[in-house]
Amino acid sequence: MILITGGRGAVATHLLALLLQADRPVRVASSNPAELQVPDGITAVTCNLRDPATFPAALSGVTEVFLYAEASHIAEFIDAAVTAGVEHVVLLSSASVLNPDAADDPLAKSHLDVETALLTSPLTTTILRPGSFAGNAAGWAWPIKAGRPVSLPYPGSYTDPIHERDIAEVAFTVLTDPCHQGRCLHLTGPETLTFSEQIEQLAEITGRPITIDHVTPEEWKQEMADYIPGQYADALLDYWQAHDGRPASLTDTVEQLTGHAPRTFATWVRDHATAFIG
């Protein structure tokens with residue numbers, strides 16, 4: 001039995017479809033399972049990674065877990081998993097842990113703490129470290145639909161956007177093929193693009209004119225104050241500044257594990273174009 005945590009997430013949704021197609025026994029977990037839309041015959045359970053009381057029931061009878069990184073009660077989760085007889089955990093972490101200052105970056109540290117706890121536990125652990133999710137571009141949907149400029153403090157900052165389907169396919173591979181267990185896998189998309197280049201592709205594919213408002217970091221932080229806590233906003237700004245004008249390094253890990261090149265950012269946009277045309 002495979003338990004998928006974070007069942008409402010994009011990666012989890014695609015992973016569920018792949019496991020069902022392969023006729024693998026699977027259970028889907030969420031802090032609010034009533035909001036999940038799962039096929040008939042699939043069990044949806046409560047597993048709030050910030051509430052250890054929900055762990056034992058969710059993990060009962062489970063042998064493998066696809067785990068979202070939540071550091072607050074990872075020790076209790078590991079204890080419950082070991083007690084339940086879980087043998088293998090696939091962690092959705094972040095490539096930010098590879099940065100030299102990861103321990104001082106609140107975004108990276110939350111992932112790093114979960115990695116460290118799992119790697120020092122009795123559980124066999126496979127770690128997925130994607131770079132920038134192509135889906136981060138969905139954060140621009142509202143201003144684009146409203147015909148407003150997209151505020152960017154570092155329009156020339158490069159990322160390595162990866163499609164959520166590619167992450168799900170890698171997760172499926174490591175959950176179903178034991179030869180990949182125990183690895184740490186750095187995942188990227190097939191190209192490194194600036195935010196400006198991503199906006200250009202969005203405009204071309206959606207047919208909507210999109211302008212960029214090149215704001216200062218402080219202006220962007222104030223604009224995002226209701227959505228992103230200050231320390232996380234600072235961490236993002238530091239990351240974007242560090243990659244301003246500096247292309248990201250790419251890996252071929254997705255192709256190695258799935259047998260195909262990772263999907264382009266343009267493919268992601270075509271898959272999600274309706275989100276930008278309202």
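One can find the structure itself at the top, above this paragraph.
Below is a summary of the structure that appears in this document. As the structure is a prediction and not an experimental result, all values here were calculated from the model.

Counting its regular elements, the protein contains eleven helices and eleven strands. The C-alpha radius of gyration of the protein comes to 19 Å, within 12% of the 19 Å expected for a compact globule of 278 residues. Expressed as lengths along the three principal axes of its C-alpha atoms, the size of the protein is roughly 55 × 40 × 35 Å. Across the protein, contacts joining residues at least 24 apart in sequence account for 71% of those joining residues at least 6 apart.

It is worth spelling out the side chain of Thr-173 at this point. Turning to its location among the elements, Thr-173 is positioned in helix H6 (residues 164-176). Judged by relative accessible area, which is 13%, Thr-173 ranks as buried. Residue contacts for Thr-173: discarding those within four places in its chain leaves His-180 and Leu-257.

Let us now look at helix H1 (residues 10-21). In this model, H1 (twelve residues) spans 17 Å end to end at C-alpha, consistent with the 16 Å of a helix rising 1.5 Å per residue. Those residues of H1 that are buried lie in contact with strand E1 (2-4), strand E2 (26-30), strand E4 (64-68), strand E5 (88-92) and H6. The positive-phi residue at the C-terminal boundary of H1 is Asp-23, with phi of around 60°.

Let us look at the nonpolar core. For soluble globular proteins, the rule of thumb is that nonpolar side chains tend to be buried together. Ranked by size, the top nonpolar core spans 26 residues in total, and within it Ile-4, Leu-15, Phe-66, Leu-128, Val-170, Leu-185 and Leu-187 carry the most contacts. Breaking this core down by element, the ones donating at least two residues are E1, H1, E2, E5, H6, strand E9 (184-187) and helix H10 (253-258). When near neighbours in sequence (up to four residues on either side) are disregarded, Leu-128 contacts Phe-66, Val-90, Leu-91, Leu-92, Ser-93, Ser-94, Ile-167, Val-170, Ala-171, Val-174, Leu-185 and Leu-187. Ala-134, Ala-141, Tyr-154 and Leu-202 belong to the second largest nonpolar core, which has 24 residues in total.

Attention now goes to a negative patch on the surface. On the surface, Asp-213, Glu-218, Glu-219 and Glu-223 cluster together to form a negatively charged patch. Take the negative patch: its biggest share by element is three residues, from helix H8 (residues 217-223).

Attention now goes to the sheet that holds E5. What the seven strands build is an open sheet, ordered E3-E2-E1-E4-E5-E6-E9; its pairing is parallel. With partners counted over all chains shown, the strands left at the sheet margins are strand E3 (43-46) and E9, one partner each. Mean inter-strand twist for the sheet, computed between neighbouring axes without regard to direction, equals 20°. Sheet topology places E4 next to E5; five bridges connect them, and they run parallel. Of the residues in E5, the one forming a bridge with Glu-64 is His-88.

Cut-offs used in this document
Residues numbered from 1 in each chain as written. Predicted model: local features only at pLDDT ≥ 70, side-chain atom pairs only at ≥ 80, totals over all residues. Heavy atoms only, no water. Helix = DSSP H or I, 4+ residues; strand = E, 2+ residues; numbered from the N terminus. Rg over C-alpha atoms; globule rule 2.2 N^0.38 Å. Contact = heavy atoms within 4.5 Å. Buried < 20%, exposed > 50% of the residue type's maximum accessible area, 1.4 Å probe, protein only. Expected span 1.5 Å × (residues − 1). Core = buried A, V, L, I, M, F, W, Y, C linked by side-chain atoms within 4.5 Å. Patch = residues over 30% accessible without salt bridge, like charges linked within 9 Å, V, L, I, M, F, W, Y side chains within 5 Å. Areas by Shrake-Rupley, 256 points an atom, 1.4 Å probe, with all protein chains shown as cover. Salt bridge = Lys/Arg side-chain N within 4 Å of Asp/Glu carboxyl O. Lys, Arg positive; Asp, Glu negative; His and termini not counted. Charge placed at Lys NZ, Arg CZ, Asp CG, Glu CD. Pairing = 2+ DSSP bridges. Axes fitted to C-alpha atoms, helices over the stretch in contact; angles between N-to-C directions.

The values reported here are purely geometric and, on their own, carry no functional implication.
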